[in-house]
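Coordinate inspection notes
Residue strings, one per chain:
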Amino acid sequence: MQPGTGPQWHPLKRHDSQFADQMVERAAELARDSHARTRHAAVLVKDGSMLGWGTNGVPFPGEDHCYCKISDLGQHDRCRTHAEQRAITLAREGDGWRLLPGSKLIYVRLEADDSVRLDEPHFCARCSRLALSLGVAEWIFALSAGLVGYSAADYDHLAQLRW
C-alpha cells in the first residue's frame, strides 16, 4: 500500500479469475439452498481446491454463539453463525488449520431475486479478525466491476472502520 492511500480492492488476474468464478457460482448455489433469512455464503479455497464452505444460519451444536450485533433495544439481531465463520471452522477440522495460511475466502450474498449482489463488498469485523488470525490471505468478491480481492490486512482495516 502506498503511503497516504487507504486499503483498496484489486482486480483478480485472469489466471485466478476462472477458478474464482466457479467458486462464486458454487457459493451462490449454496446460498440459494440455504434456509436462512439472509442468504450469504462463503467458500474457502487454496491451490485450486475448496477447503471449506458455509452459509449463514442458526448456530449448530458446538458452534460459537453469537457473532451478531446487538440492536438498539439490547436484543440480539437475529442470532446466526456467519457463512465465513462456518467455512473457516469446517476447514480447520482435524489438521486442516495447517492449510489455512495463504488461503482465499470467496464471499457472496444474494439479492431477493436470487442473483449475486454486486454493489459492494460485505464487511464483518469479527469474521475478518478470525480469518486474519488464522492466515487467510485474501477476501474475494464478485462486484459489478468483476471479481476483486482485498488482502486480508486491507479487508480487516476496512471491516474495523465499518463496525
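Another point: the overall build of the protein. Looking only at helices and strands, one finds four helices and six strands in the protein. Helices and strands appear in the protein in the N-to-C order β-α-β-β-α-β-α-β-β-α. When each of the 163 residues of the protein is scored for burial, the buried share is 44%. In the protein, of all internal contacts separated by at least 6 residues, the share reaching a separation of at least 24 is 63%. Carbon and sulfur atoms form 49% of the exposed surface of the protein, whose accessible area is close to 9200 Å².

On to unusual backbone geometry. Here the phi dihedral of D47 falls at roughly 50°; this positive angle occurs in a residue that is not glycine. The residue D47 is located in the loop between β2 (40-46) and β3 (49-55) in this model. With relative accessibility at 71%, the residue D47 sits in the exposed group. Residues other than glycine seldom take positive phi values, yet D114 does so here, at roughly 75°. If you trace the backbone, D114 turns up in the loop between β4 (104-109) and α3 (125-133).

Once that is clear, we can look at the side chain of R109. Structurally, R109 is set in strand β4. In this structure R109 comes out as buried when scored by relative accessible area, which is 12%. Not counting the four nearest positions on each side in its chain, R109 is found in contact with R39, H40, S115, V116, R117, D119, E120, P121 and H122.

With their axes 9 Å apart at the nearest point, helix α2 (residues 83-92) and α3 run at an angle of 20° to one another. When the axes of α2 and α3 are compared, the pair comes out roughly parallel. In this structure, α2 crosses over α3, and the sense of that crossing is left-handed. Residues E84, Q85 and I88 of α2 form the contact with α3, whose participating residues are C127, L130 and A131. Looking at side-chain class alone, the contact of α2 with α3 contains four nonpolar, one polar and one charged residues.

What follows is about the sheet that holds strand β6 (residues 146-151). With mixed pairing, the six strands of this open sheet are ordered in space as β1-β6-β5-β4-β2-β3. At either margin of the open sheet sits one strand with a lone partner, and together these are β1 (10-11) and β3. Judged from the six bridges that link them, β2 and β4 form a sheet pairing that is antiparallel. When the bridges of β4 are listed, A41 appears paired with V108. Running over the sheet, helix α4 (residues 152-162) touches β5 (138-143) and β6 and is turned about 85° from β6.

The interhelical angle for the contact between α3 and α4, taken along N-to-C directions, is 155°, at an axis separation of 9 Å. On the basis of the axis angle, α3 is roughly antiparallel to α4. As for the relative orientation of α3 and α4, their crossing is left-handed in sense. Touching A125, S128, R129 and L132 of α3 are A152, A153, Y155, D156, A159 and Q160, all from α4. Among the residues forming the contact of α3 with α4, the class breakdown is six nonpolar, two polar and two charged.

On to the pattern of salt bridges. All chains considered together, the criterion is met by eight salt bridges. Put simply, E111 and R117 hold a salt bridge, and the shortest N to O gap is 3.4 Å. With a relative accessible area of 28%, E111 lands in the partly exposed category. A residue is classified by how much of its surface remains accessible, and R117, at 28% relative accessible area, is partly exposed. D119 is the salt-bridge partner of R117, the closest N and O atoms lying 3.9 Å from each other. Taken together, the salt bridges that share partners define one network made up of R109, E111, R117 and D119.

Criteria and cut-off values
Residues numbered from 1 in each chain as written. Predicted model: local features only at pLDDT ≥ 70, side-chain atom pairs only at ≥ 80, totals over all residues. Heavy atoms only, no water. Helix = DSSP H or I, 4+ residues; strand = E, 2+ residues; numbered from the N terminus. Buried < 20%, exposed > 50% of the residue type's maximum accessible area, 1.4 Å probe, protein only. Contact = heavy atoms within 4.5 Å. Areas by Shrake-Rupley, 256 points an atom, 1.4 Å probe, with all protein chains shown as cover. Axes fitted to C-alpha atoms, helices over the stretch in contact; angles between N-to-C directions. Parallel < 35°, antiparallel > 145°, perpendicular 65-115°, else oblique. Left-handed = near helix turned anticlockwise from the far one by under 90°. Nonpolar A, V, L, I, M, F, W, Y, C, P; charged D, E, K, R; others polar. Pairing = 2+ DSSP bridges. Salt bridge = Lys/Arg side-chain N within 4 Å of Asp/Glu carboxyl O.

Don't take any of this as a statement about function, it's just geometry.
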